[in-house]
Amino acid sequence: MKNIFSIIVVFLILSSCGAQNTTTEINKKTSDLESNGRPKLVVGIVVDQMRYDYLTRFASQYGDGGFNRMIDEGFNCKNNHFNYVPTYTGPGHASVYTGTTPKNHGIIGNNWYDKEIKEMVYCASDADVNSVGTEDKAGKMSPHRLQTTTFADENRLFTQGQGKTIGIALKDRGAILPAGHTANAAYWFHGKDQGRWISSSHYMEELPKWVLDFNTSTQAESYLKEWNTYYDISTYIESGVDENTFEGGFKGKDKATFPYDLKALSKDNRGYDILKATPYGNSLTTDFALAAIKAENLGQDQITDILAVSYSATDYVGHNFGVNSKEIEDTYIRLDKDLERLFQYLDTTVGKGEYTVFLTADHGAVDVPSYLHSLKVPAGYVDNKDRKAMFNAFLNATYGTDSIVENISNDQVFINRDKVKELGLKLSDVQETIAMEQLSYLNVAKVYTATTMSTTSFYEGIEALLQNGFNQKRSGDVLLVNDTSFISYGKTGSTHGSGLNYDTHVPLLFFGKGIKHGETYDKTVIPDIAATMSALLGISFPNGATGQPLGFVID
Ligand SMILES: [Zn+2]
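Residues numbered from 1 in each chain as written. Predicted model: local features only at pLDDT ≥ 70, side-chain atom pairs only at ≥ 80, totals over all residues. Heavy atoms only, no water.

### Things to note about the environment of Thr-286
Take Thr-286: it is sitting in helix H11 (residues 279-295). Overall, Thr-286 belongs to the buried group, its relative accessible area being 0%. Taking C-alpha positions, Thr-286 is 24 Å from Thr-98, a pair spaced 188 residues apart along the chain. Excluding residues that lie within four positions of it along the chain, Thr-286 makes contacts with Tyr-311, Asp-338, Arg-341 and Leu-342. At 2.9 Å, the side chain of Thr-286 and the backbone oxygen of Asn-282 are in polar contact. (Helix = DSSP H or I, 4+ residues; strand = E, 2+ residues; numbered from the N terminus. Buried < 20%, exposed > 50% of the residue type's maximum accessible area, 1.4 Å probe, protein only. Contact = heavy atoms within 4.5 Å. Polar contact = N/O pair within 3.5 Å; in protein donor to acceptor, adjacent residues only side chain to side chain.)

Structural data, given as structure tokens:
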């Protein structure tokens, strides 16, 4: 009896030890997945069309809680560049979050000519999904053309879907491409007469209650008010005079000068869409981001969530008024206040030092060429009509038909492969002939063929940038580079897309948990961002990432 009893006691002790061990192991595993020094929330901020010098030119107008807080507490990469062409919004957002370039992630433009279906396609459009939150097709969007993962996707995989991802921007592509394939939600703003935040069936079947509540509130409408300068306009000495010939302005107002009565002007400027081209578009984005943090409990447990916010209004203002306008200065002064509001909210809801933020841009912008020209800087406008007429005449004379070229878009020529075969020609010869012809045109500075891009490795200069933007399946047959500061655009306002410093040099700031304080002039490139965030989180790099983690920013 005694012996049997002893055996049972020993057995019980052993089995309870076993149970304890198992429990401890589970606890340990959970804690590995949870904290391990990771931030509770990562907030990625992309400011659309933010040139690096907006950080320095307007510095004295910024307060302590926005851009300057990131600089004072965090890490400032002062020589950060895009390392590919073309520098547009779709490729920009995709590259920041995938850690690679259009060569690998496949977003080669905002719109591009699809060689297979022989039609222009939009980077985020998707006929196979439905709009959520609106009746029209503004919600038929998804990241299906993005061919690699974002670091937000990798965080979803790593946390077994427990870490949330939410993308927010006025522009659909600014919300969708950063959030990636596995996001819980991406929301974008539908203007016109609706003025509401929408999504698509890629993410959900219907909008959550907090979004419906936001949409039925008067938040968007409250911004249809007067837009005047935040401070006295006489203190805006960092920008040109308010009235000049280089700005577009709004329909229904003769001069592009302050103040703007947005309520009255909204009638001739697509209703709520007018907000996109004012700093209030960014304020509305901030309001919505704060509502998302609250309702979705972002950063409220130990498993990292990711909030991708893109501020799109800065791009619309830049396109309309240009780099040197009072309007752009005011827009950045007000964005600085919105950032301060966002960071303060994160301090109170997630906790100071518990979240990590990075801020960058999706591309820069050139000074208005007509303004540069007035200052005797070589700059101007490409005459596409003239070029096209000469090119068609050349094609007819050389090949007996101009249908040998299917499409010209994003400074790329797409050749009709069937026609080349039909005429018994060699594709690389046709590419070469067309390239040389284009090079003879006014303001075409450089030309490269797809064959060259596919057979030679470039490591520096515009050739390397073109190559990083060149996707064999999607890109054109001949790549054109225009003269510096020559753009295909109207004579007012500004645009972007080139591989020159005004388009490639953008801010890169990190601050918060796990980030050192400091600054560098060492060159960093956009794909380094996703690699850095992956390293900080200890997760897999996005599957196509080519960037390197910036070890010097990580604490
Ligand atoms: Zn733009």
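Read on, since the account is not over.
### Here we look at the coordination of the zinc ion
Geometry reference: four tetrahedral donors at a metal, ideal angle 109.5 degrees. Six octahedral donors, ideal angles 90 or 180 degrees. Summarising the metal site, the zinc ion is bound by the protein donors Asp-315 (OD), Asp-315 (OD), His-319 (NE2) and His-496 (NE2), whose distances to it range over 2.1 to 2.5 Å. Along the chain, the residues that donate to the zinc ion are spaced as D-x3-H-x176-H. Taken together, the residues Asp-315 and His-319, both in helix H12 (residues 313-321) and four residues apart, mark about one turn of the helix. (Donors = N, O, S within 2.8 Å, 3.2 Å for Na, K, Ca; no water.)

### Digging into helix H7 (residues 172-179)
Of all eight residues making up H7, eight are buried, and the element is well covered by its neighbours. Burial in H7 covers these residues: Asp-172, Arg-173, Gly-174, Ala-175, Ile-176, Leu-177, Pro-178 and Ala-179. Taken together, the buried residues of H7 touch helix H4 (89-98), strand E5 (119-122), helix H6 (151-158), strand E7 (165-169), strand E8 (185-190) and strand E12 (305-311). Looking at the residues trailing H7, positive phi occurs at Gly-180, about 85°.

### Looking at the pattern of salt bridges
Here the structure, examined in full by the defined rule, presents 18 salt bridges. We note a salt bridge from Glu-73 to Arg-69, for which the minimum N-O separation is 3.1 Å. In this pair, Glu-73 and Arg-69 both sit in helix H3 (residues 67-73), four residues apart, roughly one turn of the helix. On the basis of relative accessible area, Glu-73 is assigned to the partly exposed category, the value being 40%. When its relative accessible area of 8% is taken as the criterion, Arg-69 is described as buried. Salt-bridge contacts for Glu-296 lead to Lys-164; the nearest nitrogen and oxygen are separated by 2.8 Å. Taken together, the positions of Glu-296 in the loop between H11 and E12 and Lys-164 in the loop between H6 and E7 put the pair 132 residues apart, joining distant regions of the chain. By relative accessible area, which is 15% here, Glu-296 ends up buried. (Salt bridge = Lys/Arg side-chain N within 4 Å of Asp/Glu carboxyl O.)

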